[in-house]
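Listed below, chain by chain, are the residues.
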Amino acid sequence: MRNGFFKKLLIANRGEIAIRIARAASELGIATAAVYSADDATSLHVRKTDEAHALGRAGAAAYLDIERIVAVAKEAGCDAIHPGYGFLSENANLARRAAGAGITFIGPSPDALQLFGDKIAARKLAVQIGVPVIEGTIGPTSLDEAMMFFEALDGGAMMIKAVSGGGGRGMRAARKSDEIAEAYARCRSEAKAAFGDDNVYVERLVEDARHIEVQIVGDRAGTVSHFGERECTIQRRNQKLIEIAPSPSLTPGLRARILDAALKLASAAKYDNLGTFEFLVDASDAEEGAFFAFIEANPRLQVEHTVTEEVMGIDLVATQLRIAAGQTLASL
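Residues numbered from 1 in each chain as written. Predicted model: local features only at pLDDT ≥ 70, side-chain atom pairs only at ≥ 80, totals over all residues. Heavy atoms only, no water.

Caption draft 1: A look at the overall build of the chain. In terms of helices and strands, the chain carries 11 helices and 14 strands. Against the compact-globule benchmark of 20 Å for 332 residues, the chain has a radius of gyration of 20 Å, which places it among compact chains. Projected onto its principal axes, the C-alpha positions of the chain cover 60 × 40 × 30 Å. Nonlocal contacts in the chain, meaning residues at least 24 apart in sequence, comprise 62% of its contacts between residues at least 6 apart. Computed over 37 positive and 44 negative side-chain charges, the separation of the two mean positions in the chain equals 6 Å. (Helix = DSSP H or I, 4+ residues; strand = E, 2+ residues; numbered from the N terminus. Rg over C-alpha atoms; globule rule 2.2 N^0.38 Å. Contact = heavy atoms within 4.5 Å. Lys, Arg positive; Asp, Glu negative; His and termini not counted. Charge placed at Lys NZ, Arg CZ, Asp CG, Glu CD.)

In structure tokens form, the structure reads like this:
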């Protein structure tokens, strides 16, 4: 490390987020190295770092090659890798492979990545510590099991969800029994293509729910805290369109309960670095005792992190780098 930080950071991503990471690293005095696919050789992120290295392949597949990325980091003399968001940002194998090569992965521990990369495992943890979840199946679910769950809802609707991954992919609602088979097949196909895992599970669909996400941060000393919440209820096809922070729809008591639930989950998982814990709130009841439920965690920097930065006045990428370098929340 140099000046208490890293000597050189490999940014294993492209585009806006690669430029954003390079800026934060530069402000901390950390040298940066970009990587690029054959078709990204003239992209802006290549010119915004101190050096750049070809991955030797074209397209998105280049940024998913763990062995090549680690090899480039070693050849370039990098002592840290930041995965950005998307691509390998939630990949426990990259985190483990980097650690084995003596390179710090800028993000949560491999165990946390593995836990929250499996939505069923994350739901089980929530149940164990008393954080509410939506009624659903407890493991990879067959089409017959999905049909049985739907019938048990007795008139309710159902959401089919990929076990792995996130970003709204591998998710479809079923409101009628004759919609289930097609929705189930499409979810499995999307999940396989996006995450390499076609397992799905099902849960009761909460109609007209509000979507609340809590920005969590933890250090390697075991302390966890939060930077408040964002509301992302306005979506199209499960993709967020508008983010508001803080949420205008939460009462003080309901906000406190959701923040506490996020902190309980983070503490139980021994969470370190940055992450977003997501909840649904029954929009028909905005009172202090309204129903809310944990749905998933994204163990990485979010696309929406800049909303929290504007509200809180903190550089979340720099915070990631500081924590990965061993600083505690108390020292930030």
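Caption draft 2: A look at the packing of aromatic side chains. Evaluation of the coordinates by the stated rule reveals 6 aromatic pairs. An angle of 65° between the planes, with centres 6.0 Å apart, marks the rings of F279 and F292 as edge-to-face. With F279 in strand β13 (residues 273-281) and F292 in strand β14 (residues 292-298), this residue pair connects regions lying 13 residues apart in the sequence. We note that F279, like F292, is buried. (Phe/Tyr/Trp six-rings, centres within 6.5 Å; stacked < 30°, edge-to-face > 60°. Buried < 20%, exposed > 50% of the residue type's maximum accessible area, 1.4 Å probe, protein only.)

Caption draft 3: Summary view of the packing of helix α7 (residues 143-152) against helix α8 (residues 180-195). Look at α7 against α8: their axes get within 11 Å of each other, and the N-to-C directions meet at 130°. With respect to α8, the axis of α7 lies oblique. Read as a crossing pair, α7 and α8 show a hand that is right-handed. Every residue of α8 that contacts α7 at L143, A146, M147 and F150 is listed here: I180, A181 and Y184. When grouped by side-chain class, the residues that make up the contact of α7 with α8 number 7 nonpolar, no polar and no charged. (Axes fitted to C-alpha atoms, helices over the stretch in contact; angles between N-to-C directions. Parallel < 35°, antiparallel > 145°, perpendicular 65-115°, else oblique. Left-handed = near helix turned anticlockwise from the far one by under 90°. Nonpolar A, V, L, I, M, F, W, Y, C, P; charged D, E, K, R; others polar.)

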